[in-house]
Structures are given as C-alpha cells and as structure tokens.
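One-letter residues, chain by chain:
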Amino acid sequence: MSNIVIQKFGGTSLADTKRFKAVAKIIKETSETGKKVVAVVSAMAGETQRLIDLAKGVQEIPDPREYDALISSGEQVSVALLAMSLRSENLKSKSYTAFQLDLRTDDYHGKARISSIDTKNLLMDISSNITPVITGFQGINEEGDVTTLGRGGSDTSAVALAVALNAEECQIYTDVNGVYTTDPNVYENAKKIDKLTFEEMLELSSLGAKVLQIRSVEFASKYNMPIRVKSSFTNEEGTLINGDENMEDALISGVAHTNDEAKLTIRKVPDIPGIAAKIIEPISAQGIEVDIIIQNVSEDKTTDFTFTVKREKAFEAKKILTDLSEEFGGGEIELNEDISKVSLVGVGMKSHAGVAATMFKTLAENKINIEMISTSEIKISVIVKEDSAHKAVKSLHDAFNLEK
Ligand code: ADP
Ligand code: ASP
Ligand code: MG
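Read on for an overview of the structure. Since the model is a prediction, treat every value here as computed from it, not as a measurement. (Residues numbered from 1 in each chain as written. Chains lettered and ligands numbered in written order. Predicted model: local features only at pLDDT ≥ 70, side-chain atom pairs only at ≥ 80, totals over all residues. Heavy atoms only, no water.)

Observations regarding the site of ligand 1
The condition is simple: The near set for a molecule or strand comprises every residue that places at least one heavy atom within 4 Å of it. Identification of polar contacts relies on pairs of N or O atoms within 3.5 Å, with a donor-acceptor requirement for protein atoms, meaning one able to donate a hydrogen and the other able to accept it, and with residues adjacent in sequence counted only if both atoms are side-chain atoms. Areas reported as accessible are Shrake-Rupley estimates using a 1.4 Å probe. Residue values count occlusion only from the protein chains shown. Under the scheme applied, nonpolar residues are Ala, Val, Leu, Ile, Met, Phe, Trp, Tyr, Cys and Pro; charged residues are Asp, Glu, Lys and Arg; polar residues are all the others, including Gly.
Contacts to ligand 1 come from 18 residues, most closely from Thr174, Asp175, Tyr180, Asp183 and Asn185. Gly11 has a polar backbone atom sitting 3.1 Å from an oxygen atom of ligand 1. Between an oxygen atom of ligand 1 and a side-chain N or O atom of Lys210, the distance comes to 3.3 Å. The protein chains hide 89% of the 570 Å² of surface that ligand 1 would expose on its own. The class makeup of the residues in the shell around ligand 1 is 7 nonpolar, 7 polar and 4 charged.

Details of the nonpolar core
Defined as follows: To qualify as a nonpolar core, a set must consist of buried Ala, Val, Leu, Ile, Met, Phe, Trp, Tyr and Cys residues joined through side-chain atoms within 4.5 Å. Remark: exposure states derive from per-residue accessible area (1.4 Å probe, protein chains only) relative to the maximum for the residue type, with buried under 20%, exposed over 50%, and partly exposed in between. Strands are runs of DSSP state E lasting at least two residues, helices are runs of H or I lasting at least four, and both sets are numbered from the N terminus onward. Two residues qualify as a contact provided that any one of their heavy atoms is within 4.5 Å of a heavy atom in the partner residue.
With 45 residues, the main nonpolar core has Ile6, Met201 and Ile241 as its most contacted residues. Looking at which element gives the most residues to this core, the answer is helix α7 (residues 154-164), with 5 residues. Beyond its immediate stretch of four places on either side in the chain, Ile241 contacts Val179, Leu196, Thr197, Phe198, Met201, Leu212, Met225, Pro226, Ile227 and Val229.

Description of the packing of helix α10 (residues 275-285) against helix α11 (residues 314-327)
Definition in use: Lines are fitted to the C-alpha atoms to define the axes, a helix being fitted only along its stretch in contact, and any angle between axes, read from their N-to-C directions, falls within 0 to 180 degrees. Definitions for this section: a left-handed crossing has its near helix turned counterclockwise from the far helix by less than a right angle. A right-handed crossing has that turn clockwise.
Close contact between α10 and α11 brings their axes to 10 Å; oriented N to C, the two are set at 145°. Considering only the axes of α10 and α11, their crossing is right-handed. Each of Lys278, Ile279, Pro282 and Ile283 in α10 lies in contact with α11, whose residues at this interface are Ala317, Ile320, Leu321, Leu324 and Glu327. Of the residues that constitute the contact of α10 with α11, the class distribution is 7 nonpolar, no polar and 2 charged.

Quick word on unusual backbone geometry
Despite not being glycine, Asn90 has its phi angle at roughly 65°, a positive value. Tracing the sequence through the fold places Asn90 in the loop between α4 (73-88) and β3 (93-96). Even without being glycine, Lys367 reaches a positive phi, approximately 55°. In this structure, Lys367 sits in the loop between α12 (355-365) and β19 (372-376).

So, the site of ligand 2
Near ligand 2 you find Ser42, Ala43, Thr48, Glu75, Phe137, Arg151, Gly152, Gly153 and Ser154, and these make up its full shell. Take Gly152: an N or O atom from its main chain is 2.9 Å from an oxygen atom of ligand 2. In the complex, the protein chains occlude 87% of the 260 Å² of accessible area that ligand 2 would expose alone. Considering only residue class, the shell around ligand 2 consists of 2 nonpolar, 5 polar and 2 charged.

A few points about helix α9 (residues 214-223)
The complete set of buried residues in α9 reads Arg215, Ser216, Val217 and Ala220. Downstream of α9 by one or two residues, Asn224 has phi in the positive range, about 55°.

Some details on the packing of α12 against helix α13 (residues 389-399)
A pair of packed helices is captured by two measures, namely the crossing angle of their axes and the spacing between those axes. This is how it is decided: Geometric relationships in this document are graded by angle, where less than 35 degrees denotes roughly parallel, more than 145 denotes roughly antiparallel, 65 to 115 denotes roughly perpendicular, and other angles denote oblique.
As a packed pair, α12 and α13 sit with axes 10 Å apart at the nearest point and diverge in direction by 130°. Here α13 runs oblique to α12, going by the angle between their axes. As α12 runs across α13, the sense of the crossing is right-handed. Within the contact between the two elements, α12 uses Met359, Thr362 and Leu363 and α13 uses Ala392, Ser395, Leu396 and Ala399. By residue class, the composition of the contact of α12 with α13 is 5 nonpolar, 2 polar and no charged.

A few points about the sheet that holds strand β6 (residues 131-135)
Our working rule: Paired strands, as defined in this entry, are two strands with at least two bridges between them according to DSSP.
The strand order across the open sheet formed by 8 strands is β3-β6-β2-β1-β9-β11-β12-β10, and the pairing between neighbours is mixed. One side of each edge strand has no neighbouring strand; the edge strands of this open sheet are β3 and β10 (195-197). Averaged over all pairs of adjacent strands, the angle between their axes in this sheet comes to 20°, without regard to strand direction. Sheet topology note: the strand β2 (residues 36-41)/β6 ladder contains 3 bridges and is parallel. Bridging across to β6, Ala39 finds its partner in Val133. Where α7 meets the sheet, it contacts β1 (4-9), β2, β6, β9 (169-174) and β11 (227-231), and its direction lies at approximately 175° from that of β1.

What to know about the sheet that holds strand β15 (residues 290-295)
The 4 strands lie next to each other as β15-β16-β14-β17, forming an open sheet whose pairing is antiparallel. Taken across any chain shown, the strands that pair with only one partner, and hence form the sheet edges, are β15 and β17 (333-336). Taking each pair of neighbouring strands and ignoring which way they run, the sheet shows an average axis angle of 15°. One ladder, built from 4 bridges, connects β15 with strand β16 (residues 302-310); its direction is antiparallel. Within β16, the residue paired with Ile293 across the bridge is Phe307.

With respect to the environment of Phe315
With respect to the helices and strands, the residue Phe315 is situated in helix α11. Distance in space between the C-alpha atoms of Phe315 and Ile61 is 9.0 Å, their sequence separation being 254 residues. Those residues within four positions of Phe315 in sequence are excluded, and the remaining contacts are Glu60 and Ile61.

Points about the pattern of salt bridges
Which entries qualify depends on this criterion: Here, a salt bridge means any side-chain nitrogen of Lys or Arg that lies within 4 Å of a carboxyl oxygen of Asp or Glu.
Scanning all chains against the criterion turns up 27 salt bridges. Measuring nitrogen to oxygen at the nearest pair gives 3.8 Å for the salt bridge that ties Lys310 to Asp260. In this pair, Lys310 is assigned in strand β16 and Asp260 in the loop between β13 (254-258) and β14 (261-270), connecting sequence segments 50 residues apart. Residue classification places Asp260 among the partly exposed positions, given a relative accessible area of 33%. For Arg267, the salt bridge is made with Glu334, and the minimal N-O distance between the two is 2.8 Å. Highlighted residues: Arg267 in strand β14 and Glu334 in strand β17, separated in sequence by 67 residues. Looking at Arg267, the relative accessible area reads 28%, which means it is partly exposed. When salt bridges that share partners are traced, they join Arg65, Glu66 and Asp145 into one network.

So, in structure tokens, the structure goes:
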C-alpha cells in the first residue's frame, strides 16, 4: 500500500468559486500530513442537469455520442478551476481529462464501464509533488470518443483511480457527514452510520441512497478498497465502508427511496407461454434495464403486464411496447411516472421473519397504497405514489426505531 489517498468532491461541494477554495484547503491540509492526494471532481452543482436539459431541448432522444460529449463538459470546468485554486494555495497541481489520462471505458454511452487507466503521468506527478486533479464521470472508448459513466459516476471514477493507484483509501467528500439510516435531507431523524459493510452499502446505493453510485461500491467491494464518506463542509468522522464483518448485523441498516423510475403497463396481452420474454426482450435489447415485474392473473385469456424502468428511458420503452402491442393485438400502454420505490435494507433481515409484515402494516396504517412489491434476502422494496414516498420513509424509519 502507498500513502496515496483519493479525495473526490461532488457537485454539492463545488457550488461556487468560494467552495473551490474551501476544497483546495482540505487537499492542502491532507497533503501537509504527508499524504499524496489525487483529487477527482464532478461538475459544479446543477451543471450536469443543465446540460442534460439543453440536450433535450434540441433532440428528443439525444444522439449518444454527442450527448456524452455535451454532458461530460461540466467536469472539465471543475478540474481547471480546482487546479487553479490549488495553485493559489501554493500547491503544484495539474488538471486531467479522461482523454489526457487515457482512461478507457467500453462503448456504452451514458453508462460506460471503466476498463483501464494509464497511471504513468499520475505517478510521475505524485513523485514530483504535483497534485493531479482528474475529471470524474468521463472516459474514452476505443475510438477516443468521450463516454460517461451514468449519473453520480464520479464516485466510480474515484474508486477506480484508488484501485489503479493502490491508494490507502478512497474519500468521497459530499454535503452530508456520511451515510445515514435514510436521506438526511428527507428525514431529520436520520442517524449517521459509522461503519457499513460493502454488502449493506451495495443494497442502499442500488435502492436510491445516491450518496454513492452503486458501481463505485461494486468496484470497491471487488478490490477491497475502503471508502470513507465525509462532509466537505465540516470536519467530522464520516462513514467507513469496508470488507470487515460487522460484529452484529443490524436488522435494518436503512430506508432508501428513489424517484427516478416509471411504471409501464401493457394491457390485454395474450396469456400464453413466452409472452413475458416477447415483451422484455426488445426492451433489454435497447439497453433499458427492467426492475420490478408483475404479470397479473388472466381473466379472458389475456393479461396485464406491468414493469418498472428508469424514468429517463420510459418514453423509449413506451414506444417499443406500442409497436409490440400492435403486433399481437394487445391493448393500450399505460405510463405512470409519478411513482417512487421505497426500500428497507438490512443484512440482519435474513434471519428475522416479520420484517415484511411490519413494513406492510406500517404503510397501511399510514394509508399508503402499495402498487408493487419485490424482495430479496436483505431488502424489501415497494412501489408507491411519489407524493407519499417521504411519508413512507419517515413512518418506516420510526416503525423500525432507526433513530436509536
Ligand atoms: P455529490 O454532489 O457530493 O455527489 P450527491 O447529491 O450525489 O452529492 O449525494 C449526496 C446526497 O445523497 C445527500 O445530500 C443526500 O440528500 C443524499 N442521500 C440519499 N440517501 C442518503 C443516505 N442514506 N445517507 C446520506 N445521504 C443520502
Ligand atoms: N456530474 C455527474 C452527475 O451529475 C457525475 C457526478 O456527479 O458524480 O451525475
Ligand atoms: Mg454524487
């Protein structure tokens, strides 16, 4: 192991030039302890969304290559601004884009996976006391075209760099003090968790705790790279996520929710073998991930088939279903975008019956209707109306005493 640490700063930590200066101070202080810092940054707060909205303004389903060229540009602004801020703190620094570093990914625009990183320049900088500042979120494919890693992807860039540089740990600086039992911006009773296993964090991230992108946790788990989530606004301990077993698995580690999903229903499809595959195959072939699926009982030899996808893909998925339905004489396509997925996560759930019962009873008592359910060994998710999601999160947090 080296004395290298990765420090990643999200958009929330880089809202304006004052914040760049504050971030430069954090890096300087760490450097003064003898650690070698490699910084990774996201676009300034709100910038990536602004770029996405611009794209939508000119093309309904944006061209993937140009879309990535556009939405990756926010990070390029951030690296230069941070390198300058570091220089005004008298630290030598150099900014890098993915192209300059030859940070390679596969060809999946908008959702690319990192395949290799050339660390030669970075190691040279480190040995000359130069602090490298690297664009998160972006990579390049075989052709040298810019790719992006999906929303929140800078976390994954940071962990991948930590692994490539054999860093001590990967520090993710954000606007909250660590990982909480639920989103602290949704429920003020949320409690900070000091330590989490990769397994628990994987579930929390995959179910909507956007404080870490799921792929960053997958990567960290695969290479056993510890992640520390900290606030760039205060100087507190934060949350450590690593491969150590927790002495006692919490029954419930947290409540997560998403509101970036949509529900599609195709009505009156013939209830015959193979129909599920017929519907799902063309959706998957377009690279659209399907999450929860329900096929209802058939009445008149036809059935309704419902599933959820990411909201940004809903329009595309609806188009595919409309064509399909015409093909086999099915009914209308219904699209609901006002849904939310609320999930309970806990490794301890494995050995406790009754978690689901308490969850459903709590939601019922709060008059929250459950539209779909999905379970695994260590989580239970329900789809509810978006406007009742916060109420669901709070009531479940209370029902399982997570503030304690
Ligand atoms: P950054 O810009 O630093 O990448 P993000 O907005 O991506 O920040 O992630 C931080 C946000 O994650 C927090 O402001 C918080 O609202 C949200 N969040 C959701 N669930 C959790 C959780 N369980 N613990 C901490 N933060 C959470
Ligand atoms: N700027 C990108 C986004 O907003 C990447 C990131 O923040 O991690 O999704
Ligand atoms: Mg983020």
